[in-house]
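Residue-level listing of the chains:
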Amino acid sequence: IQTPIAQEQADQRAQSDVAALLQQVESYRDRLSPEADPSWLVRAVVKLSERSGIPLTTLAQDPPQAYQQLSRLSVTLQLKASYHQLGSFLDELERSERFIRIDRLDVTPPHNGEEGLASVRLVVSTFYLPPMPRGPGS
């Protein structure tokens, strides 16, 4: 009788562990893009740039790249900003409630007559993770 009891206890622990892991995955998913379309990332980045007072000069979406179950969404931005504005914008990106990664940052110092605005090329990305299929009884 001890063997079936021990097996049942092990099964219940495993179910509890799986439920906790699924909950953790869902909390991570909430930080990723809710859409598989890079236009979501464009909207998020534009909103953050406006909060920082930086007008974007160009935006270019890259096609999504598939990595096993994930899709990488990427956008290349070009802008002109003071170093203070750039720092504020990078801070907004880093502290965003959604996961946004800065993949590349190229800064060209201002030339004479450009009012202290640096030219910036920035590549940012995030990931999309499709919902997990639910098993029976979920």
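Just so you know, these numbers come straight off a predicted model, no measurement behind them.

(A) Region of the structure containing a nonpolar patch on the surface. Together, V18, L22 and M132 make up an exposed nonpolar region whose accessible area comes to about 210 Å². Within the secondary structure layout, M132 lies in the segment after β4 (118–128). Under the relative-accessibility criterion, M132 is labelled partly exposed at 32%.

(B) Structural view of the pairing of strand β1 (residues 56–67). Relative to strand β2 (residues 70–81), β1 is paired through nine bridges, and the arrangement is antiparallel. Paired with Y67 across the bridge in β2 is L70. Between β1 and β2, which follow one another and run antiparallel, lie two residues, and Q68 among them has a positive phi close to 50 degrees.

(C) Just the environment of L70, in detail. Relative to the elements of secondary structure, L70 occurs in strand β2. Sequence spacing of L70 and L129 is 59 residues, and the spatial spacing of their C-alpha atoms is 4.9 Å. Aside from chain neighbours lying at most four places away, what touches L70 is Q65, F127, Y128 and L129.

(D) Representation of the packing of helix α2 (residues 38–52) against helix α3 (residues 83–94) in the model. Interhelical geometry of α2 versus α3 gives an angle of 140 degrees and a closest axis separation of 9 Å. With respect to α3, the axis of α2 lies oblique. α2 and α3 meet at a crossing whose hand is right-handed. Counted together, V45, L48, S49, R51 and S52 of α2 and Q85, S88, F89, E92 and L93 of α3 form the full contact between these two elements.

Cut-offs used in this document
- Residues numbered from 1 in each chain as written.
- Predicted model: local features only at pLDDT ≥ 70, side-chain atom pairs only at ≥ 80, totals over all residues.
- Heavy atoms only, no water.
- Patch = residues over 30% accessible without salt bridge, like charges linked within 9 Å, V, L, I, M, F, W, Y side chains within 5 Å.
- Areas by Shrake-Rupley, 256 points an atom, 1.4 Å probe, with all protein chains shown as cover.
- Salt bridge = Lys/Arg side-chain N within 4 Å of Asp/Glu carboxyl O.
- Helix = DSSP H or I, 4+ residues; strand = E, 2+ residues; numbered from the N terminus.
- Buried < 20%, exposed > 50% of the residue type's maximum accessible area, 1.4 Å probe, protein only.
- Pairing = 2+ DSSP bridges.
- Contact = heavy atoms within 4.5 Å.
- Axes fitted to C-alpha atoms, helices over the stretch in contact; angles between N-to-C directions.
- Parallel < 35°, antiparallel > 145°, perpendicular 65-115°, else oblique.
- Left-handed = near helix turned anticlockwise from the far one by under 90°.

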